[in-house]
Amino acid sequence: MTADDRTPDDVPFETVSSSEVTRGERIRATIDEWILVPARILWSDWRARVGTLIMLLYVLMGTVGVWLVDAPQIGEGERLIPPFTDPSYPLGTDSMGNDLFAQVVHATPPMLEMIVAGALFTTVMATIVGTFSGYKGGRTDKLLMMFTDILLTIPGLPLVIVIAVILEPREPWVIGIILTLNAWAGLARAIRSQVLTMREESFVEASRLMGLPTRTILVKDIVPGLMPYILVNFVNSARTVVFTSVGLYFLGILPFTNHNWGVMMNLAYTTGGALYTLRAAHWLLVPMAAIVLLSFGFILFAQGTDRLFNPRVRARHENNAGANSSDDADENSGKVSTHIQG
Amino acid sequence: MSDNSFTGRSEATKADVSAIQVDDPILEMRDASVTFDMDRGESRVLDQVNLDVQRNEILGVVGESGSGKSMFASALLDAVVDPGTLSGDITYHPDPDRSVDVLDLSPEQLRELRWEEISMVFQGAQSSFNPTTTIRDHFEETIEAHNYDMAQGMAHARELLEDLYLEPDRVLDAYPHELSGGMQQRALIALSLVLEPNVLVMDEPTAALDLLMQRSILSLLNDLQEKYDLTVVFITHDLPLVAGLADRLAVMYAFEFAEVGPADEIIRNPTHPYTRSLLKAVPNLDTPLQEMQPIEGMAPDPVDVPEGCSYHPRCPLADDVCRASNPAYHAVDDSDDHVAACFHWEQASDVLSLTTDGETEHAEIVGKQSADPVVSLTDVDVHFEQEADGGLLSIFDDPDLVHAVDDVSLDVYENDVVALVGESGCGKTTLGKTSIAAQRPTGGSVTYREQDVWDAKDGVGDVETPFEAIRRSLQMVHQDPGGSLNPNRKVQASLEAPLKHWNTGMDAEDRKERVFSMLEYVGMSPPEDYAGRYPHQLSGGEQQRVALIRALLMNPDLILADEAVSALDVSLRVEVMDLMLELQDVFDTSYLFISHNLSNARYFAGNAGGRIGVMYLGEIVEIGPAEEIIANPKHPYTKVLKWSTADLEVDQDVEEPPISSIDIPDPVDPPSGCRFHTRCPEAREACARQQPSLDEHASDDEHRVACFREYDQSHEYWESEPIDDGESTDLFADGSDAAEIESDD
Amino acid sequence: MINSYYVQRTAQAIFTVFAVITITFVLIRQIPGGPTSYVRSQLAQQSGSVDMEQINTLVEAYTNVRPDEPLYVQYFNYITSVAQGDLGTSMYYSTPVSEIMAAAVPWTVFVMSVSLVLTFGIGISLGALTAYVEGSRFDVGLTLISIFLNSIPYYVLAIILVYALGYQLDWFPIGGLVGGDVTVGLNLGFIASAIYHAALPIASFVVTGFGIQALTMRGNSIRVLGEDYIRVARLRGIPPSEIALQYVGRNAILPMYTGMMISIGFMFGGSIIMEEIFAYPGVGYYMFRAISASDYPLMMGAFLIITIAVVLGIFVADLTYGKIDPRAGQGGNRESY
């Protein structure tokens with residue numbers, strides 16, 4: 001053992017540093033750990049890659065797109081121009097001469113706002129209630145879960161409709177939250193049961209015994225373990241928000257104050273007679289395509305991200321040459337030992 | 001297959017390999033290799049193995065994890081998992097005149113061979129059963145799949161279950177999760193024997209169980225082997241466990257056999273350096289403490305097995321010949337049946353003496369213990385409520401009370417070592433956690449340097465030592481090395497967390513340096529490399545060192561080591577225990593060491609001049625100096641534990657356990673009087689009525705026992721009738737619902 | 001132990017219904033202007049007289065709540081009348097809400113249960129199949145198709161179907177429960193006509209819904225296939241078909257129960273959009289009509305009915321789950337291994 005060649009007072013316990021690391025180095029290390037490594041891992045899975053690209057496309061559309069594409073104007077073009085025929089109206093126009101492409105683009109920012117508000121509300125709410133309830137246990141847990149169970153069984157859409165009818169929300173972020181009013185309950189329950197198991201993990205108990213505050217334990221030990229789950233559900237609830245909001249706009253339940261793909265569908269369906277004539281079909285199909293593509297991106301991303309938080313995959317993508325080589329050995333011998341045992 | 005073809009082929013590689021042959025083989029394995037294709041090259045996890053299994057013998061196969069011993073087991077049934085490929089020859093002789101080429105069978109023939117002729121028991125009984133069907137279904141579908149007569153088959157199943165001290169009706173109707181680990185494992189053995197096979201291959205069948213349960217199962221296995229004329233291949237990492245059971249032992253190293261021979265020969269006269277080191281590395285009750293030594297180095301990687309003799313990097317005898325060429329098997333002392341694959345087998349016994357070595361001496365630190373206890377437990381009770389799933393009405397349910405700890409008093413001094421020993425579910429982990437203020441007792445008090453811990457926490461009365469200080473002073477090292485580190489954080493982050501919180505004066509660089517120096521101190525060098533790793537990139541021993549460092553960074557007064565070495569390989573245990581003791585010296589800390597293994601407890605507590613406490617069903621039944629407990633156990637239960645700790649004795653047959661029931665009673669409803677009376681061979685009527693206490697009869701100040709047999713002759717125990725346990729049904733009368741209250745145990 | 005689980009589960013279901021009734025009561029009072037002003041304006045149009053007493057009586061007739069009574073009396077009256085099956089009177093149809101619902105509920109339940117069974121039947125079969133041929137072209141293709149179909153909102157598919165197969169090709173009816181020419185009852189023509197009319201709504205749910213179930217089942221099956229007990233069962237010589245059903249199937253399907261319970265709520269809720277698109281007069285259709293016509297009693301009645309149906313569905317699923325999974329309903333947090 002190495003202890004033999006040390007003098008008794010050379011106890012590692014007293015060691016302090018003799019060198020300084022520059023601030024820049026530390027920042028670079030942080031960036032590497034939190035941005036570059038996850039990005040590399042995402043990129044290595046085709047599903048996550050395609051999903052990310054699709055999501056990026058919509059983000060660009062909702063930010064840069066609105067500057068590049070003028071807002072649609074009534075009568076700016078001929079009525080019901082078919083798609084892909086007129087370069088000024090790439091996706092054609094509706095029965096009032098509105099540019100459909102511009103409508104799709106200008107519906108994106110409020111939609112993004114709704115998605116972010118709704119998905120954030122769902123995941124944050126669920127994570128807080130789930131981790132708190134699971135980690136605390138006891139009476140707190142019982143009461144919170146009773147409340148959650150009730151919310152869980154109330155069907156979402158009718159509840160949302162009733163509340164939307166009563167409140168008539170106009171702000172996109174308010175709509176986003178209303179749409180996910182009880183969507184968090186299921187996630188909270190799932191997170192709670194995971195926390196219940198994690199709470200008993202040795203490393204969590206060790207942190208507890210070291211006297212680390214509950215806050216720190218939740219943030220450093222518990223939540224990172226739930227991150228894959230939370231992220232996947234963030235994306236899933238984003239999809240729920242898109243589906244529900246478009247559905248409600250389509251039904252005409254939400255007030256038509258924003259551009260929305262659902263509003264386009266509603267107008268095409270009710271006033272454009274898209275059901276009866278093939279001439280107006282594209283008016284209906286364009287917003288549909290916008291929804292399907294976005295939600296396709298969401299699902300692909302969710303399917304591809306489970307690798308993101310796997311430390312085994314992570315270690316392979318780190319810039320640390322030393323750890324890199326030994327990891328390969330470890331991982332492979334791990335594989336072998338499972339073969340041997342299994 | 002004929003013997004000629006075999007000798008003709010292998011003569012080129014292995015000189016006198018025929019020495020491993022036996023007169024009446026039931027299984028012959030020739031040049032068997034298992035390979036996996038991997039990115040880094042071919043992984044050879046079984047390397048040209050030649051071995052015969054004698055009819056009706058018990059063959060013990062011993063090796064460290066990753067030595068290929070499980071592959072050997074799978075190969076015997078041609079059951080290597082995909083994508084592994086098995087090559088070579090395996091011949092099965094149902095009787096001496098017939099031979100079956102196992103690797104040349106049609107799928108249907110193979111299906112009949114497995115379970116009807118050769119059957120297998122796996123390590124994890126829990127995971128070997130379908131969780132959604134009853135045990136009965138498992139038996140029935142097996143009987144049906146092989147077209148055996150159902151009534152006859154089930155009758156045999158019941159007989160087997162009774163042979164294994166299980167109640168057939170209860171077990172058959174149960175779902176797997178409703179049985180305790182020991183019951184599951186025994187049910188699995190019964191399931192593997194239901195079609196009356198000739199050969200039973202057991203792959204670490206008892207590794208996940210308590211020592212006592214392991215030994216009980218082994219003694220049952222011995223009976224079964226005789227009763228049903230079985231040939232048993234018993235695979236384990238635990239040499240002493242199988243030493244008494246096996247007729248022959250085969251030691252595996254780096255995917256081939258290093259030494260094969262009769263069990264007593266291997267134990268008394270081991271010739272391969274690896275076998276010798278393995279024997280020395282194993283803590284047991286008979287060897288003097290100074291003679292136990294860890295094996296240096298690591299087992300090889302299957303992709304990159306060293307050239308020449310695969311053991312040479314770790315072998316003290318290695319020379320150029322060993323590095324260049326692979327040794328053949330040499331017959332030891334011209335005996336027919338004892339062979340070793342080593343060039344220097346004749347020198348091994350001189351260089352690697354099994355007796356006094358003299359080099360490693362441990363500082364005796366008996367005198368350093370203080371007079372005032374650091375932690376003191378007085379009449380502590382811990383009762384858990386067993387609640388139903390959190391729901392609306394469960395508030396009104398009457399919960400069952402689990403008596404995890406009942407009325408225990410214990411003092412732990414500075415620089416002290418106390419080892420708590422007992423079976424799963426005896427409450428030793430709960431008692432440990434109570435001592436380090438991780439578990440609030442339901443009765444009694446826990447004090448840290450005369451400050452009541454929970455008063456400090458609740459702010460009751462005058463708090464002299466704040467709870468934060470107490471919290472820091474009492475730390476823990478967990479059983480499962482993999483689980484005790486956050487898998488998502490690097491070693492450095494895990495180790496810095498406590499420093500960040502408690503030593504706010506330290507800057508990032510100081511923290512880093514301190515972590516590095518600690519890593520280096522425990523032999524994890526270069527520290528920069530280890531600090532940047534995730535836990536899964538460390539071996540079990542390394543993970544455990546990191547966990548130990550993390551506890552020590554708090555500069556604690558007491559560390560609870562909860563089965564801290566049980567999950568490690570046998571050869572690593574001594575090494576880690578040595579490190580812990582060495583760190584005790586440096587850091588002035590005390591240990592509460594919890595183990596189900598009496599020899600580990602003895603090694604740990606004995607080397608530090610500490611005490612051993614024996615727990616049974618929530619009570620300490622005997623406590624005293626380590627060597628005293630080992631040499632002179634007084635409580636019948638301590639004697640049982642000592643029995644369960646297999647020594648390296650081979651002549652003595654596996655005896656019947658000195659206990660009248662294998663399964664531990666339900667802690668929800670512990671037996672009246674002396675809790676051990678239901679299993680105690682010495683129990684008399686008085687034991688069922690009265691409870692013996694640890695203090696009342698002072699036989700010896702240091703060594704205290706809670707048993708009426710230590711009371712003087714006037715006690716009514718000596719007058720009362722022995723409890724009748726003549727009927728075999730009694731063996732499981734109290735084995736009801738052996739729930740284990742510590743699931744991590 | 002087991003009994004207390006069922007008792008507990010039943011109590012929870014009842015409590016949920018009770019909570020929802022309370023929510024509807026609160027919501028009715030929260031409606032801007034509220035039923036009072038709505039009734040008042042209607043009366044004003046009809047007769048010009050604005051007699052407070054008369055208005056309150058009428059409001060009570062429609063909504064079971066008398067605005068001039070103290071709050072707790074209103075609440076008590078509301079609960080008792082709902083408990084007696086009186087959901088008020090529809091303003092738009094001038095019919096008791098319970099009558100409208102009684103006629104509509106069977107049709108919605110019919111469409112939803114068939115959709116649920118088909119969604120899970122197809123999803124589970126395909127998922128298990130792809131797990132067995134993991135990595136093959138069939139697996140990759142089907143996985144991609146599953147993801148794509150799952151990204152289509154059911155109502156989008158519904159519109160496409162009603163447009164293509166209803167309006168354009170005229171293969172399927174574009175509205176109604178059954179054809180006008182059949183006699184109500186258990187005769188072949190009636191059943192055939194009912195299926196014919198429900199085909200498109202069911203297809204919309206199933207086609208967009210089975211994908212995620214297939215993906216889940218595939219993941220579960222792959223996990224179970226890697227378990228030790230599968231390997232042991234194979235060594236024991238258990239026939240592959242039995243391993244597929246008893247071992248893989250059973251253990252992979254069990255975790256999907258939660259998903260199924262969520263689907264019950266999702267589909268019943270979705271009936272509002274679906275039945276509107278297909279002009280299929282079920283509960284959702286009436287709820288949408290009620291919203292368009294500001295018919296609050298009908299709207300709340302429909303909401304309550306949908307919720308109760310979902311609570312019942314989940315309740316039944318929960319109880320059967322306890323029957324199928326031996327590990328359920330016995331505490332769960334007490335692990336004896």
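Rules of the game
Residues numbered from 1 in each chain as written. Chains lettered and ligands numbered in written order. Predicted model: local features only at pLDDT ≥ 70, side-chain atom pairs only at ≥ 80, totals over all residues. Heavy atoms only, no water. Helix = DSSP H or I, 4+ residues; strand = E, 2+ residues; numbered from the N terminus. Buried < 20%, exposed > 50% of the residue type's maximum accessible area, 1.4 Å probe, protein only. Contact = heavy atoms within 4.5 Å. Areas by Shrake-Rupley, 256 points an atom, 1.4 Å probe, with all protein chains shown as cover. Pairing = 2+ DSSP bridges. Axes fitted to C-alpha atoms, helices over the stretch in contact; angles between N-to-C directions. UniProt positions renumbered as here; feature names shortened; annotations may be inferred. Core = buried A, V, L, I, M, F, W, Y, C linked by side-chain atoms within 4.5 Å. Domains from an automatic or database assignment. Parallel < 35°, antiparallel > 145°, perpendicular 65-115°, else oblique. Left-handed = near helix turned anticlockwise from the far one by under 90°. Nonpolar A, V, L, I, M, F, W, Y, C, P; charged D, E, K, R; others polar.

**A few points about the overall build of chain C**
Helix and strand content of chain C: 13 helices and zero strands. Tracing chain C from N to C terminus, the helices and strands come up as α-α-α-α-α-α-α-α-α-α-α-α-α. When each of the 337 residues of chain C is scored for burial, the buried share is 50%. Taking the intrachain contacts of chain C between residues at least 6 apart in sequence as the baseline, contacts between residues at least 24 apart amount to 71%. Only carbon and sulfur atoms are counted for the fraction: they give 66% of the accessible area of chain C, which is about 14500 Å².

**A few points about the sheet that holds strand E3 (residues 58-62) of chain B**
Residue and element names in this part refer to chain B. Sheet architecture is open: eight strands sit in the order E6-E7-E8-E3-E9-E10-E12-E11, paired in mixed fashion. The open sheet has two edge strands, strand E6 (118-121) and strand E11 (330-331), and neither has a second partner. As judged from the five bridges shared by strand E7 (residues 199-203) and strand E8 (residues 231-236), these two strands associate in the parallel manner. Residue pairing for E8: leucine 200 is matched across the bridge by valine 232. Sitting on the sheet, helix H9 (residues 211-228) is in contact with E3, E7 and E8, with an inclination near 160° to E8.

**What about the sheet that holds strand E4 (residues 85-92) of chain B?**
All names here are of chain B. In space, the four strands of this open sheet follow the order E2-E1-E4-E5, with antiparallel pairing throughout. With partners counted over all chains shown, the strands left at the sheet margins are strand E2 (41-54) and strand E5 (100-101), one partner each. Bridge count for strand E1 (residues 25-38) against E2 is 10 bridges, and the pairing is antiparallel. Counted as the bridge partner of methionine 29 is leucine 51 from E2.

**Remarks on the UniProt feature "domain: ABC transmembrane type-1" (unreviewed entry) in chain C**
Here, UniProt's "domain: ABC transmembrane type-1" (unreviewed entry) annotation points to residues 105-317 of chain C. Across residues 105-317 of chain C, helical content stands at 80% and strand content at 0%; the span's end C-alpha atoms are separated by 19 Å.

**With respect to the nonpolar core**
If you look at the biggest cluster of nonpolar residues, it comprises 151 residues, and the most contacted ones within it are Trp261 and Met265 of chain A together with Ile277 and Met287 of chain C. Here this core gets 14 residues from one element, more than from any other, and that element is helix H11 (residues 281-304) of chain A. Formed jointly, this core draws a minimum of three residues from each of two domains, domain 1 (4-83) and domain 2 (104-328) of chain C. Setting aside residues no more than four positions away along its own chain, methionine 265 of chain A makes contact with Val246, Phe250, Leu284, Pro287, Met288 and Ile291 of chain A together with Tyr155, Val156 and Ile159 of chain C. Formed by 111 residues, the second largest nonpolar core is a distinct cluster that contains Phe36, Val62, Ala73 and Ile267 of chain B.

**Overview of the packing of helix H9 (residues 214-251) of chain A against helix H11 (residues 257-277) of chain C**
In contact at an axis separation of 11 Å, H9 of chain A and H11 of chain C are set at 40° when each is read in the N-to-C sense. Classified by the angle their axes make, H9 of chain A and H11 of chain C are oblique. In this structure, H9 of chain A crosses over H11 of chain C, and the sense of that crossing is left-handed. For the pair H9 of chain A and H11 of chain C, contact is made by Gly247, Phe250 and Leu251 of chain A and by Ile272, Ile273, Glu276 and Ile277 of chain C, respectively. A class-by-class count of the residues in the contact of H9 of chain A with H11 of chain C yields five nonpolar, one polar and one charged.

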